[in-house]
Amino acid sequence: MAATGRRQRLRRPACWALMAVLLADLLALSDTLAVMSVDLGSESMKVAIVKPGVPMEIVLNKESRRKTPVMVTLKENERFFGDSAAGMAIKNPKATLRYFQHLLGKQADNPHVALYRARFPEHELSFDPQRQTVHFQISPQLQFSPEEVLGMILNYSRSLAEDFAEQPIKDAVITVPAFFNQAERRAVLQAARMAGLKVLQLINDNTATALSYGVFRRKDINTTAQNIMFYDMGSGSTVCTIVTYQTVKTKEAGMQPQLQIRGVGFDRTLGGLEMELRLREHLAGLFNEQRKGQRAKDVRENPRAMAKLLREANRLKTVLSANADHMAQIEGLMDDVDFKAKVTRVEFEELCADLFERVPGPVQQALQSAEMSLDEIEQVILVGGATRVPKVQEVLLKAVGKEELGKNINADEAAAMGAVYQAAALSKAFKVKPFVVRDAVVYPILVEFTREVEEEPGVRSLKHNKRVLFSRMGPYPQRKVITFNRYSHDFNFHINYGDLGFLGPEDLRVFGSQNLTTVKLKGVGESFKKYPDYESKGIKAHFNLDESGVLSLDRVESVFETVVEDSPEEESTLTKLGNTISSLFGGGATPDAKENGTDSVQEEEESPAEGSKDEPGEQAELKEEAGAPREDASPPPPPAPEGDTGPEEAKAAEKEDGDRSEAPKPVCTASVTSLGF
């Protein structure tokens, strides 16, 4: 008995050791639960985190500031970021890069590249023949693309968040302007990959601001729709957004608040930076005037002096927002000569008169895209640092016709807080109160293809067709399937942007190419030879516009179907065989479309689509798979996508077959063949 007791006592330390190991594993797991958001502005960025015990908090940088300049100074063996880089901008302006986000996704001949050269002539932009873009030439041996520079900034933001959270962080939500197109969004994702970040979502900064506003006013949202306009003028651009708040009934959580983006208007170059550049030019003229008779060089030819003037212009703009006049002064501006000059708010407003005339433009664009009037807008809320300029508020107030402008939101941090709330909602480590977000497509996307038609007996001609995939201001994330019914051989189709008539001529030039890609399908003819006795159900292309607003072609497949007689007691079944499909843009097939709430709309006799004049009876099929949350008031969910199988699909197939579904019941067998592209 004594020996047995000793053996039992020996087991207890082992049990405690096992519990200690398990506890250590749990603690290690909890150390990786934090998520972050980066509100990436043109001039500065705000970083926020969520971790256990810290609900939502703005990260302080090394200087204990809540806002960090988006700047990087690159030398041969060292790099400086944030406030350190801002200090180096005066000493070494050529190596200090800023406002480089304006070059993301832009080809070398883009007007924004020329504009960047004019604004910052100290930077040498060289041509990248492989990508047809530009990169910064710091030295003969040192060059970086805008995406690489942004990757450095994102990596720095990650280090700030990790130091503040005291644990490693890899999951992030990053804000981007609502007007970013596919190329610009992919450039940001590429930069995030370089920084080692896992991007949970690219969220539009206007959507993040609207989410932050709604989260902190959840109790004020009810079944009555409230239309709020957010006017966001930052350093580089201006975006006006119309958002509708109301509670909706969801299948998972009952009545929940929802925000829906109804309208978006923007001006890519209207912002605080352009005002500062006007002030810098004015101050440079005053300094040259003071030294007119001294045979002095033009101050505009000195990069260091112009960097000092830009910093002073930034300070001057801020001070003139609260004062009628102010004295601009810089010690040792150039050649050890001090500069001092008085500038009034009236002079500043005259310098920027044409900019203030553009303030109402985004408001009108947003109203037109939302198909709403100003009477339907309950409140106009100011966001962004440049909205603090009194003249901007004066012109905007007159344009919207309201008694006052809303200033009940943190203009600098709202987007960062909304983005980090979304990060917590997307992370599996946190549980937050549901808030339904329905974002909107700014640029429509369509599919174009050409096929042979027989208009008269023996006379064949080519006909160009267009099918709209994602319409302007339609919700996303969303999936859609387009079916090509009249092809039995390899063919091509083009994925392009749709009607961009709402953009002006200059905006169209900045937008760049309207062709997204060309898809070349192979193996179509072979699939028809493989199943000669089956009935073709068309070539189906599956598209996905994900949460980040990035388009991908998940898979393309050729579907065949046949009917086999079977005994009456056996139920009809639909069997489908598929292979692993490669993605057009390098990603794999999207798993389980049902998770995003699939919605299918089938058009057997398709009405003429945008830009096409199809003859009656021409077969076409378009399926929509909308990923947005659905209200109970919406139509019942349609059949699952072609890749899934189930009894409901079999019933749908029988119903389509009509007469063929009489007893004895037929077995409808389908074969799915993946195509290469």
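Residues numbered from 1 in each chain as written. Predicted model: local features only at pLDDT ≥ 70, side-chain atom pairs only at ≥ 80, totals over all residues. Heavy atoms only, no water.

(A) Region of interest: the overall build of the protein. Secondary structure summary: the protein contains 16 helices and 30 strands in total. Within the protein, buried positions represent 52% of all 677 residues. Once local pairs closer than 6 in sequence are excluded, the contacts in the protein between residues at least 24 apart make up 70%. Within the structure as shown, the protein displays about 32200 Å² of accessible surface, and the carbon and sulfur contribution to it stands at 50%. (Helix = DSSP H or I, 4+ residues; strand = E, 2+ residues; numbered from the N terminus. Buried < 20%, exposed > 50% of the residue type's maximum accessible area, 1.4 Å probe, protein only. Contact = heavy atoms within 4.5 Å. Areas by Shrake-Rupley, 256 points an atom, 1.4 Å probe, with all protein chains shown as cover.)

(B) Representation of the packing of helix 2 (residues 82-91) against helix 8 (residues 303-320) within the structure. Viewed as axis vectors pointing N to C, helix 2 and helix 8 meet at an angle of 135 degrees, and their least axial separation amounts to 7 Å. By the angle class used here, helix 2 and helix 8 are oblique. Residues Ala89, Ile90 and Lys91 of helix 2 touch helix 8, and the partners they reach there are Arg304, Ala307, Lys308 and Arg311. Of the residues in the contact of helix 2 with helix 8, the class split is 3 nonpolar, no polar and 4 charged. (Axes fitted to C-alpha atoms, helices over the stretch in contact; angles between N-to-C directions. Parallel < 35°, antiparallel > 145°, perpendicular 65-115°, else oblique. Nonpolar A, V, L, I, M, F, W, Y, C, P; charged D, E, K, R; others polar.)

(C) How the structure looks around the environment of His494. Structurally, the position occupied by His494 is in strand 24 (residues 492-497). For His494 and Thr450, which are 44 residues apart along the polypeptide, the C-alpha to C-alpha distance reads 9.5 Å. Not counting the four nearest positions on each side in its chain, His494 is found in contact with Leu446, Val447, Glu448, Asn515, Thr517 and Thr518. One polar contact links His494 to Thr518, side chain to side chain, over a distance of 2.9 Å. (Polar contact = N/O pair within 3.5 Å; in protein donor to acceptor, adjacent residues only side chain to side chain.)

(D) Helix 13 (residues 414-426), seen in detail. Compared with the 18 Å implied by 1.5 Å per residue over 13 residues, the 19 Å span of helix 13 between its first and last C-alpha is a close match. Counted residue by residue, helix 13 has 11 buried out of 13 residues, so it is predominantly covered. Residues of helix 13 that are buried include every one of Ala414, Ala415, Ala416, Met417, Gly418, Ala419, Val420, Tyr421, Gln422, Ala423 and Ala424, and no others. (Expected span 1.5 Å × (residues − 1).)

(E) View of the sheet that holds strand 5 (residues 71-74). Pairing is antiparallel across the open sheet formed by 3 strands, whose spatial order is 6-5-7. One side of each edge strand has no neighbouring strand; the edge strands of this open sheet are strand 6 (79-81) and strand 7 (96-98). This sheet shows a mean twist of 20 degrees between the axes of neighbouring strands, independent of strand direction. Strand direction decides the pairing type here: strand 5 and strand 6, joined by 3 bridges, are antiparallel. Residue Leu74 lies in a different strand from strand 6, and its bridge partner there is Arg79. Helix 4 (residues 146-165) contacts strand 5, strand 6 and strand 7 of the sheet and is inclined by roughly 110 degrees relative to strand 5. (Pairing = 2+ DSSP bridges.)

(F) Geometry of unusual backbone geometry. The omega torsion of the bond from Tyr476 to Pro477 falls at 15 degrees, within 30 degrees of zero and hence cis. On the secondary structure map, Pro477 appears in the loop between strand 22 (475-476) and strand 23 (478-484). The phi torsion at Glu166 lies on the positive side, around 60 degrees, for a residue other than glycine. Turning to its location among the elements, Glu166 is positioned in the loop between helix 4 and strand 11 (171-176). Of the residues examined, Glu166 reaches a relative accessible area of 70% and is grouped as exposed. Even without a glycine there, the phi angle at Asp336 is positive, about 60 degrees.

(G) Just the packing of aromatic side chains, in detail. Under the defined criterion, the tally for this structure stands at 26 aromatic pairs. Summarising the aromatic geometry, the rings of Phe266 and Tyr443 are spaced 6.5 Å apart at their centres and angled 80 degrees between planes, so their arrangement reads as edge-to-face. Pair noted here: Phe266 is in strand 15 (residues 254-267) and Tyr443 is in the loop between strand 19 (436-440) and strand 20 (445-456), with a separation of 177 residues, a long-range link. When sorted by exposure, Phe266 lands in the same class as Tyr443, which is buried. Geometrically, the ring pair formed by Phe449 and Tyr487 is edge-to-face, given 6.5 Å between the ring centres and 70 degrees between the ring planes. (Phe/Tyr/Trp six-rings, centres within 6.5 Å; stacked < 30°, edge-to-face > 60°.)

(H) Structural detail: helix 3 (residues 111-119). Among all positions in helix 3, only Pro111, His112, Val113, Tyr116 and Arg119 are buried. Where helix 3 starts, the residue carrying a side-chain oxygen 2.9 Å from the main-chain nitrogen of His112 turns out to be Asn110.

(I) Examining the nonpolar core more closely. Phe230, Tyr245, Phe484, Phe493 and Phe543 are the most contacted members of the largest nonpolar core, which totals 106 residues. Counting residues per element, this core draws most heavily on helix 4, at 9 residues. Counting residues domain by domain, this core receives three or more from each of domain 1 (35-205) and domain 2 (443-564 + 669-675). Excluding residues that lie within four positions of it along the chain, Tyr245 makes contacts with Ala210, Tyr213, Gly214, Ile221, Thr224, Ala225, Gln226, Ile228, Phe230, Gln258, Leu259 and Phe435. One finds Leu279, Val363, Val392 and Val395 within the second-largest nonpolar core, a separate group that totals 46 residues. (Core = buried A, V, L, I, M, F, W, Y, C linked by side-chain atoms within 4.5 Å. Domains from an automatic or database assignment.)

(J) Inspection of the confidence of the model for the protein at higher detail. A residue-level look at the protein finds 78% of positions with pLDDT of 70 or above and a mean pLDDT of 81. Low pLDDT, under 50, characterises residues 570-621; the predicted model gives this stretch 141 contacts beyond four residues in sequence or across chains. A low-confidence stretch, residues 626-671 (pLDDT under 50), is modelled with 102 contacts involving residues beyond four sequence positions or located in other chains. (pLDDT = per-residue confidence, 0-100.)

(K) Layout of the pattern of salt bridges. On inspection of all chains with the given rule, the structure shows 22 salt bridges. Across the salt bridge formed by Asp412 and Arg388, the nearest N and O atoms sit 3.1 Å from each other. Within this pair, whereas Asp412 is found in the loop between helix 12 (390-400) and helix 13, its partner Arg388 is found in the loop between strand 18 (379-383) and helix 12, the two being separated by 24 residues in sequence. For Arg388, a relative accessible area of 43% translates into the label partly exposed. Put simply, Glu394 and Lys391 hold a salt bridge, and the shortest N to O gap is 3.4 Å. Residue Glu394 and its partner Lys391 are located together in helix 12, separated by 3 residues, close to a single helical turn. (Salt bridge = Lys/Arg side-chain N within 4 Å of Asp/Glu carboxyl O.)

(L) The sheet that holds strand 21 (residues 459-470), seen in detail. With antiparallel pairing, 4 strands are arranged side by side in an open sheet as 21-20-24-25. Edge strands, defined here as strands with exactly one partner in the open sheet, are strand 21 and strand 25 (515-520). Averaged over all pairs of adjacent strands, the angle between strand axes in this sheet comes to 25 degrees, irrespective of strand direction. Sheet analysis places strand 20 next to strand 21, joined by 11 bridges and oriented antiparallel. In the strand pairing of strand 21, Arg451 is matched with Lys463.

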